[in-house]
Amino acid sequence: FRARLAIATATITAAVGLILLFSPNFQPTDLRSSPLGSDFLQEWTGGYMWLSGDGSQLYDASCYRSVQHDAGITGFVWPEEKYYPMVYPPFYYVLVSPLARLNYQHALTVWLVILGLIATSTVLCFTQFFEPARKHWAKCLLALLAFFPFLLSLNMAQKSILLLLILCLTYLLLFHQRKFAAGAVFGLIAFKPHLGLFIGLVMLLKGQWRFVAGAASTVSLLLGLSLVAGPDACRDYFWQCLSMGDYSQNGGYQLYDAQNLAGSIELMLGGRSPSSWLIWLLTTALVLAMSLVAVPGPFNFQSRRFSLQYSSLVVATVLLSPHFYTYDLTILLLPLALVALAAVPASQSNWSTDSLPISIRQRRWLWALGSAIFVGSGLVTGVAKNYQIQPM
């Protein structure tokens, strides 16, 4: 384990260092076309507003836009017409507020280091506590560093790496029969609540009450923390959630980069239209039906079957999300790894209960599909830009 820890830490630290040194997103200049550190500006702005006593105005566009464009605060200038809307729950900005005690550039460096530590932890946890993956740890590390959405997420200081860790730990805890703990970890996904609805609903329908209780406990604590930001912020966020279906109408939203059903349909039809709503409803119903068919009967968390079932739930979460960009596809690394390991012949796997015999032909199809998704994730935006079709 010490060798794996040293190699994984050194490798991911090198990736973080190269991004800090050479990526245009992290090179400080007085005049920029986009903010320093890309998406981190949203985290820092929310934390800064809360520390400054403006927590009740977190979702006031005029207030957060003025902070984002105040060079005296952030240290850089970027186009006034651009901005990052505040889309996360109040508790999230309270939790990241310690970073806003640093100046923006120093906070950005710390944030990227944190993301690197999260990535390292994900690889180590998956390969240490999931026995079928233990002897494949080097391949898992290489796959992480070769996966385009992960590199994009790191380069844009995005939180998709944290989502990957949450979903990975949830699976590992279920695998080890720690249902309440799995639910408690899964509840952390509440900072992007729409991503927890589908898996949470399936667990509820399956009668996994300990999982549901764990998730409810975490969500309750986070809701209580939201009150620290003030009732006005909580109310504003609630009303904002009700309009999430119109998120793609925000200025600067790039439909060709959207990896969900709604965005793909809008791109194909050239924008929001009555027919796009109808097609979205029909395709959503189809995804829901297929996902529920994929999880029949009671769950056997230690079986290869459940690894494929959990993978299908993660993929359905991607498709059903109202907002999902290319860097968010980082979470697909988990189902890709689980599918790849499930395709390993039973005689070579370490699954304690193997309730899913897979033929050679099926194994080849699984490997082909996984490889296509792994490679294609870096090409989908270019295809969408040029042909107005989102292939993922």
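Read on for an overview of the structure. (Residues numbered from 1 in each chain as written. Predicted model: local features only at pLDDT ≥ 70, side-chain atom pairs only at ≥ 80, totals over all residues. Heavy atoms only, no water.)

1. Things to note about helix α2 (residues 40-51)
Between the first and last C-alpha of α2 there are 17 Å, a value that for twelve residues agrees with the 16 Å anticipated at 1.5 Å per step. Summarising burial for α2: nine of the twelve residues are buried, a large majority. For α2, every residue scored as buried is listed here: Phe 40, Leu 41, Gln 42, Glu 43, Trp 44, Thr 45, Gly 46, Gly 47 and Met 49. Each element contacted by the buried residues of α2 is listed here: α3 (61-68), α4 (71-74), α5 (90-95) and α6 (104-129). Two residues or fewer past α2, Gly 53 is found with a positive phi of approximately 85°. (Helix = DSSP H or I, 4+ residues; strand = E, 2+ residues; numbered from the N terminus. Expected span 1.5 Å × (residues − 1). Buried < 20%, exposed > 50% of the residue type's maximum accessible area, 1.4 Å probe, protein only. Contact = heavy atoms within 4.5 Å.)

2. Regarding the packing of aromatic side chains
For the structure on display, the rule yields 26 aromatic pairs. Arranged with centres 5.9 Å apart and planes meeting at 5°, the rings of Tyr 171 and Phe 306 form a pair that is stacked. Placement of Tyr 171 in helix α10 (residues 160-175) and of Phe 306 in helix α17 (residues 304-320) is noted, with a sequence separation of 135 residues between them. Phe 306 matches Tyr 171 in its accessibility class, with the two residues each being buried. Feature note: the residues Phe 126, Phe 130, Tyr 171, Phe 175, Phe 299, Phe 301, Phe 306 and Tyr 310 constitute an aromatic cluster, connected by ring pairs. Sitting over the face of the ring of Phe 299, Lys 206 holds its NZ or CZ atom 5.2 Å from the ring centroid. (Phe/Tyr/Trp six-rings, centres within 6.5 Å; stacked < 30°, edge-to-face > 60°. Lys NZ or Arg CZ within 6 Å of the ring centre and 35° of its normal.)

3. Quick look at the pattern of salt bridges
Inspection of the entire model under this criterion finds four salt bridges. In this structure, the salt-bridge partner of Lys 159 is Glu 43, at a minimum N-O distance of 2.6 Å. Of this pair, Lys 159 sits in the loop between α9 (148-155) and α10 while Glu 43 sits in helix α2; the two residues are 116 residues apart in sequence, bridging distant segments of the chain. Judged by its relative accessible area of 1%, Glu 43 falls in the buried class. A salt bridge links Lys 192 to Asp 328; the nearest nitrogen and oxygen atoms lie 3.2 Å apart. Here Lys 192 is found in the loop between α11 (179-186) and α12 (197-205), whereas its partner Asp 328 is found in the loop between α17 and α18 (333-342), with 136 residues between them in sequence. What makes Lys 192 buried here is its relative accessible area of 7%. Judged by its relative accessible area of 1%, Asp 328 falls in the buried class. Through salt bridges that share partners, Asp 232, Arg 235 and Asp 236 make up one connected network. (Salt bridge = Lys/Arg side-chain N within 4 Å of Asp/Glu carboxyl O.)

4. Some remarks on unusual backbone geometry
Of note in the backbone geometry, Ser 38 takes a positive phi value of approximately 50° without being a glycine. A relative accessible area of 5% places Ser 38 in the buried class. In this model, Ala 157 sits at a positive phi of 55°, which is unusual for a non-glycine residue. Relative to the assigned elements, Ala 157 resides in the loop between α9 and α10.

5. Considering the packing of α18 against helix α19 (residues 360-376)
Direction vectors running N to C along α18 and α19 enclose 155°, while the axes themselves pass 10 Å from each other. Here α18 lies roughly antiparallel to α19, going by the angle between them. For the crossing formed where α18 meets α19, the hand is left-handed. Where α18 abuts α19, its residues Leu 333, Leu 336, Val 339 and Ala 340 lie against Leu 366, Trp 367, Gly 370, Ile 373 and Phe 374. Across the contact of α18 with α19, the residue classes tally to eight nonpolar, one polar and no charged. (Axes fitted to C-alpha atoms, helices over the stretch in contact; angles between N-to-C directions. Parallel < 35°, antiparallel > 145°, perpendicular 65-115°, else oblique. Left-handed = near helix turned anticlockwise from the far one by under 90°. Nonpolar A, V, L, I, M, F, W, Y, C, P; charged D, E, K, R; others polar.)

6. Focus: the environment of Pro 35
Tracing the chain through its elements places Pro 35 in the loop between α1 (2-22) and α2. Between the C-alpha atoms of Pro 35 and Val 77, which are 42 residues apart in sequence, the distance is 7.8 Å. Residue contacts for Pro 35: discarding those within four places in its chain leaves Asn 25, Leu 41, Phe 76, Trp 78 and Tyr 84.

7. Brief notes about a nonpolar patch on the surface
On the surface, Leu 201, Leu 204, Leu 205, Trp 209 and Leu 292 cluster together to form a nonpolar patch covering roughly 520 Å² of accessible area. For the nonpolar patch, the element with the most residues is α12, which contributes three residues. Position of Leu 205 among the secondary structure elements: in helix α12. (Patch = residues over 30% accessible without salt bridge, like charges linked within 9 Å, V, L, I, M, F, W, Y side chains within 5 Å. Areas by Shrake-Rupley, 256 points an atom, 1.4 Å probe, with all protein chains shown as cover.)

8. Focus on the environment of His 323
For His 323, the location among the structural elements is in the loop between α17 and α18. You can call His 323 buried: its relative accessible area is 13%. Residues His 323 and Leu 195, 128 residues apart in the sequence, show an inter-C-alpha distance of 9.6 Å.

9. So, the packing of α2 against α3
Here α2 crosses α3 at 110°, and the two axes come no closer than 10 Å. As far as their axial angle goes, α3 and α2 are roughly perpendicular. The handedness of the crossing between α2 and α3 is right-handed. Every residue of α3 that contacts α2 at Leu 41, Thr 45, Tyr 48 and Met 49 is listed here: Cys 63, Tyr 64, Val 67 and Gln 68. Class assignment for the residues of the contact of α2 with α3 results in six nonpolar, two polar and no charged.

Limitation: the analysis is restricted to geometry and does not speak to function.
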